[in-house]
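# Geometric and topological summary
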Amino acid sequence: MAKDGAGERVPRGRAALDGVLATGAGLGAGHLAALLAPGSSPVVAVATRAIDLTPGPVKDWAVSTFGTNDKAVLVVGAVLVTLSLGALVGLVARRSTGSALVGAAALIAVALVAAGANRARPPLWWVPGLAALLVGGWFLLALVNASRRATAPPVLEDPARRRWLGLALAAGGLGVLGGVFGQLARGTGEQAPVILPSRSMTPFPEGLEAQVPGINPFVTPASEFYRIDVVLDVPTIDTKTWRLSIEGMVDRPFSIGWDELLAMDAIERPVTLECVSNEVGGNLIGSARWLGVRTADLLNRAGVQEGADMVLSSSADGFSVSTPLPALLDGRDALVVYGMNGAPLPPKHGFPVRLLTPGLYGFVGATKWLTKMEVTTYAKKQAYWTVLGWADHGPIKPGSQIDVPKPGSHVPVGSVKVGGTAWAHGVGVGNVQVRVDRGPWADATLGPDAGLEYWRQWLWTWDAPRGDHELQVRVVDAHGTPQDEAVVGPFPNGASGLHTIHVQVS
Ligand SMILES: Nc1nc2c(c(=O)[nH]1)N[C@H]1C(S)=C(S)[C@@H](COP(=O)(O)O)O[C@H]1N2
Ligand SMILES: [Mo]
């Protein structure tokens, strides 16, 4: 088999390993280089593009299956697919180094196209792809070369084997370190300190969490607040250059900078925010105290024209939201928010500024990294999710959930604390009721009240008899209307149905 002194053909496993290692090194180098060009790391760029191109139902499935881990799953998947393609490139290199390099270049081309198509692409977006090509290509050639020379029976002193080992360690190390350091240094950290107006954090009632361990706290800490969006790298926005423009069907379009916005009258509102993708009993819901400027003040300054019925707001990363105009002008006090629970809005939740419309699901009222509000009509414009068939008016459906005991858990016979949260935006929670094994509804005790747009905690003490039991909860709003019991999934305008859990009492 020996061909003019080139040694035997490299075994398949070794060839594939060479491809994987070289690809890992390329990805690591690209990820590190992306510190110069946020969002343009080959894996991140491809995964971000994948989010944009994924059909709506698949996105919904991903959000409902992986919840807030959807991004981690996507990135790990993208890395694994790329490494597998790298193994293929390695196998091709057994026969022809040239074809293998063409394959590697094709992989990089995909990453470069993805990075270039990024709406928020930075000036040096092409650097990470180039770094990946040069570093990955070099390692591919070097590893393949060393493998070819080292296919003789194992001799430890064989210099080619030692060279291969050194290269393999370097490639693997670069891949792992590049991934880790590149990740540690990305834009998910804290922003520069920002001084908030002193209006923040008026006294607030204490919740039931001290009495009912395991219940959702009355105020969700920002660090535990669910995060849903379509970007992988949190946009890094400098308040010195950030501006919000109010335009479209207005008499006096204008734009406003950070200092000017902070100088305007601000109010703090407790508001419960829910994602339309939240299943009954799910965790894509949270409650916080939001500080900001009324959208009505901004829109009135611009002078909304006759005939407009919607505001299309958009963000630094190219996301968009369509909000019914009345919801931004009426007394519910929709806000352009810059403070959350007494601190600056965290980067993940929209720093420096987001929209927050009480009573509407996030996808129709809560644009993060807000940069533009265009007054327009539903007839003229559509937003990111409404293009994909989701509703264009998205009032949060009244709902309730059992936080403790956990579904499927074991509890002792006797007195058991059953507790959770309930909400009925715009009307307020009148009553929360619990029933066991479809028996009569029993009234729960309500926790503190922070207004119509905020959830209520509730507590019901159950004298639990031995056996398997079903618990259900419902909210009755302040007008006496119970929540919708019809079991409906999130698409297109939010889930409904009773939260139902089973526990074993012994
Ligand atoms: N820029 C931007 N804003 C966004 C989104 C997004 O993908 N991009 N997602 C929306 C959705 S679907 C929801 S439910 C809320 C979630 O806000 P949170 O991540 O602060 O909880 O943000 C909304 N605002
Ligand atoms: Mo959402």
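It should be noted that the structure appears before, not after, this text.
Residues numbered from 1 in each chain as written. Chains lettered and ligands numbered in written order. Predicted model: local features only at pLDDT ≥ 70, side-chain atom pairs only at ≥ 80, totals over all residues. Heavy atoms only, no water.

### Regarding the nonpolar core
Counting 33 residues, the largest nonpolar core has Leu 244, Leu 261, Leu 298, Val 336, Tyr 338 and Met 373 as its most contacted members. Broken down by secondary-structure element, the contributors of at least two residues to this core are strand 1 (243–248), strand 2 (254–257), helix 8 (258–263), strand 4 (285–294), helix 9 (295–302), helix 10 (325–329), strand 7 (335–340) and strand 10 (370–376). Discounting chain neighbours no more than four positions away, the residues touching Met 373 are Leu 244, Ser 245, Ile 246, Glu 247, Thr 295, Val 311, Leu 312, Ser 313, Leu 328, Val 336 and Leu 355. Formed by 23 residues, the second largest nonpolar core is a distinct cluster that contains Val 44, Ile 285, Ile 396 and Trp 455. (Core = buried A, V, L, I, M, F, W, Y, C linked by side-chain atoms within 4.5 Å. Buried < 20%, exposed > 50% of the residue type's maximum accessible area, 1.4 Å probe, protein only. Helix = DSSP H or I, 4+ residues; strand = E, 2+ residues; numbered from the N terminus. Contact = heavy atoms within 4.5 Å.)

### Topic: the packing of helix 4 (residues 70–95) against helix 5 (residues 97–117)
For the pair helix 4 and helix 5, the least separation of the axes is 6 Å and the interaxial angle reads 160 degrees. Our classification of the angle between helix 4 and helix 5 gives roughly antiparallel. Where helix 4 crosses over helix 5, the handedness of that crossing is right-handed. Contacts between helix 4 and helix 5 involve Leu 85, Val 89, Val 92, Ala 93 and Arg 95 from the former and Thr 97, Ser 99, Ala 100, Gly 103, Ala 104 and Leu 107 from the latter. (Axes fitted to C-alpha atoms, helices over the stretch in contact; angles between N-to-C directions. Parallel < 35°, antiparallel > 145°, perpendicular 65-115°, else oblique. Left-handed = near helix turned anticlockwise from the far one by under 90°.)

### Some words on the site of ligand 1
Surrounding ligand 1, one finds 19 residues, the nearest of these being Tyr 226, Asp 229, His 349, Arg 354 and Lys 368. A distance of 3.0 Å is found between a nitrogen atom of ligand 1 and a backbone nitrogen or oxygen belonging to Ala 366. Class assignment of the residues belonging to the shell around ligand 1 gives a composition of 10 nonpolar, 4 polar and 5 charged. (Near = heavy atom within 4 Å. Polar contact = N/O pair within 3.5 Å; in protein donor to acceptor, adjacent residues only side chain to side chain. Nonpolar A, V, L, I, M, F, W, Y, C, P; charged D, E, K, R; others polar.)

### Concerning the packing of aromatic side chains
Evaluation of the coordinates by the stated rule reveals 14 aromatic pairs. Between Phe 204 and Phe 218, the ring centres sit 5.5 Å apart and the planes meet at 25 degrees, which makes this aromatic pair stacked. Separated by 14 residues along the polypeptide, Phe 204 in the loop between helix 7 (159–184) and strand 1 and Phe 218 in the loop between helix 7 and strand 1 bring together distant segments of the chain. Residue classification places Phe 204 among the partly exposed residues on the basis of a relative accessible area of 25%. Relative to Trp 390, the ring of Phe 363 lies with its centre 6.0 Å away and its plane at 65 degrees, an arrangement referred to as edge-to-face. (Phe/Tyr/Trp six-rings, centres within 6.5 Å; stacked < 30°, edge-to-face > 60°.)

Just geometry here; none of it tells us what the structure is for.
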